[in-house]
Amino acid sequence: MRRDAAFSTPRVRAHASHSSWPPVLHSPVLLSGANSLEAESARTALLESWRARGVVVLRAGSDAAKRATPNDLVSLSKEFGEVEMNPGVKKQFLWPGIPQVQVLGNVRREDGEPRALFQSCQRLDHVKYDPIKRAPVWHTDQLFRNPQPRGSLLMCIAGPPVGGGTAFASTELSESNLPQELIDSLRDKVLVMSYAHHNAACKRSTPSYPLLTAEQRAKYPPITRPLITRAQANGEEVLNCFNSSVMAVLPSTAPPLQPDEMEHYETTGEKHDSVEELYSTVLPLLTSQSYVHEWEPGDVVIWDNERCVHAATWYDSEKYAREMWRTTFR
């Protein structure tokens, strides 16, 4: 394989045990729409690495960020599965005419209205979950949907020179340092979650975050799912349970939440005490080993939503522009 499609050690912050995770592929051709042997070889390497490791980094270079189009990202996403249309996302945060691509960050239209979905982050000097500050916001994308997206692609178009990284940690139990007694205590637990609760919870920290309409709430009712599941990619047991949509964590034999409780959680963003217990007990251990990707324009990170959680890190959004394009697939 040619040098521009070769793997290298990530130029990122990582714990020693994760120094080779995830693999990094240097290949500008993957966002060019090329169908050459070089591009095919690079696509094969990218897919194989994603399947094997759950997270893979593509460094396409700053020129790719300048010339790439949303359709290029959609084409690359199709290599991993069926690309989704971002159900429930406000139209203003989708690329015009290409609803598969959601825009994240703080960029605005000419009229001053935001064209990217923005969510604030606490400024921390670490990414290990802090139960006191309840940060960083480690999560799996759109866990409130059934089925949830199998994976996501995130591409950097523009970003700050400092900060604004994305942290990743494995959720595979075989990779974790969770005590077996703790794992066993989680086996009979189920999650109660909803899209409405997700947005209400996000709005508590980011006032501009949109709430669901009555029509959207009817379309995306609350769901339950087991806390521990098996990943589609490799059959490994994973903790598929961290998302702002989780409003309660209950024993599988417990009675369901009452309608008035559900309404309270969905409209206020407040959570059942069981959620804080799960987060404070499990997340500090799970995120003690992590990888932080420091973005450069043209970077694309592809991850398996079942096999890892991720978290955004702080940047000075008043000083710097950040524009990211995201797709999800199943």
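Rules and cut-offs
- Residues numbered from 1 in each chain as written.
- Predicted model: local features only at pLDDT ≥ 70, side-chain atom pairs only at ≥ 80, totals over all residues.
- Heavy atoms only, no water.
- Buried < 20%, exposed > 50% of the residue type's maximum accessible area, 1.4 Å probe, protein only.
- Helix = DSSP H or I, 4+ residues; strand = E, 2+ residues; numbered from the N terminus.
- Salt bridge = Lys/Arg side-chain N within 4 Å of Asp/Glu carboxyl O.
- Axes fitted to C-alpha atoms, helices over the stretch in contact; angles between N-to-C directions.
- Parallel < 35°, antiparallel > 145°, perpendicular 65-115°, else oblique.
- Contact = heavy atoms within 4.5 Å.
- Nonpolar A, V, L, I, M, F, W, Y, C, P; charged D, E, K, R; others polar.
- Pairing = 2+ DSSP bridges.

Undergrad: I would appreciate a short explanation of helix α3 (residues 70–77) in the present structure.
TA: In an α-helix, one turn spans 3.6 residues, which is why side chains three or four residues apart end up on the same side. For α3, the tally of buried residues reaches six of eight residues, placing the bulk of the element in the interior. Inspection of α3 places P70, D72, L73, V74, L76 and S77 among the buried residues, and these make up the whole buried set.

Undergrad: When you look at the pattern of salt bridges in this model, what are you seeing that I'm missing?
TA: Close approach of charged atoms lets side chains of opposite charge pair. Within this structure, the stated rule accounts for 18 salt bridges. A salt bridge links R43 to E40; the nearest nitrogen and oxygen atoms lie 3.3 Å apart. Residue R43 and its partner E40 are located together in helix α1 (residues 37–53), separated by three residues, close to a single helical turn. Take E40: its relative accessible area is 42%, and that puts it in the partly exposed class. Each of D184, R187, R230 and E237 takes part in one network of salt bridges that share partners.

Undergrad: Just checking my understanding: could you explain the packing of helix α5 (residues 195–205) against helix α7 (residues 259–268) for this structure?
TA: When two helices pack together, their arrangement is given by the angle between their axes and by how far apart the axes lie. It is at 6 Å that the axes of α5 and α7 come closest, and there the two elements cross at 45°. One element, α5, and the other, α7, form an angle in the oblique class. In this structure, α5 contributes A196, H197, A200 and R204 to the contact, and α7 contributes Y265, E266, T267 and T268. Classifying every residue of the contact of α5 with α7 by side-chain character gives three nonpolar, three polar and two charged.

Undergrad: In this structure, what is going on with the pairing of strand β4 (residues 55–59)? I would like to understand it.
TA: Along any regular strand the residues' side chains alternate between the sheet's two faces. Buried residues dominate β4, accounting for five of its five residues. Of the two faces of β4, both are covered, the one formed by V55, V57 and R59 as well as the one formed by V56 and L58. Pairing of β4 with strand β15 (residues 299–304) involves five bridges; the strand directions are antiparallel. Paired with L58 across the bridge in β15 is V300.

Undergrad: Sorry if this is basic, but what is going on with the sheet that holds strand β10 (residues 223–226) here?
TA: Two pairing modes exist for strands in a sheet, parallel and antiparallel, and in both the strands are linked by backbone hydrogen bonds. The strand order across the open sheet formed by three strands is β10-β9-β13, and the pairing between neighbours is antiparallel. Of all the strands in the sheet, the pair left with one neighbour each is β10 and β13 (246–251). Recorded for the sheet is a direction-independent mean angle of 25° between the axes of neighbouring strands. Where strand β9 (residues 189–193) and β10 come together, four bridges link them in antiparallel fashion. Looking across to β10, one finds that L191 is bridged to R225.

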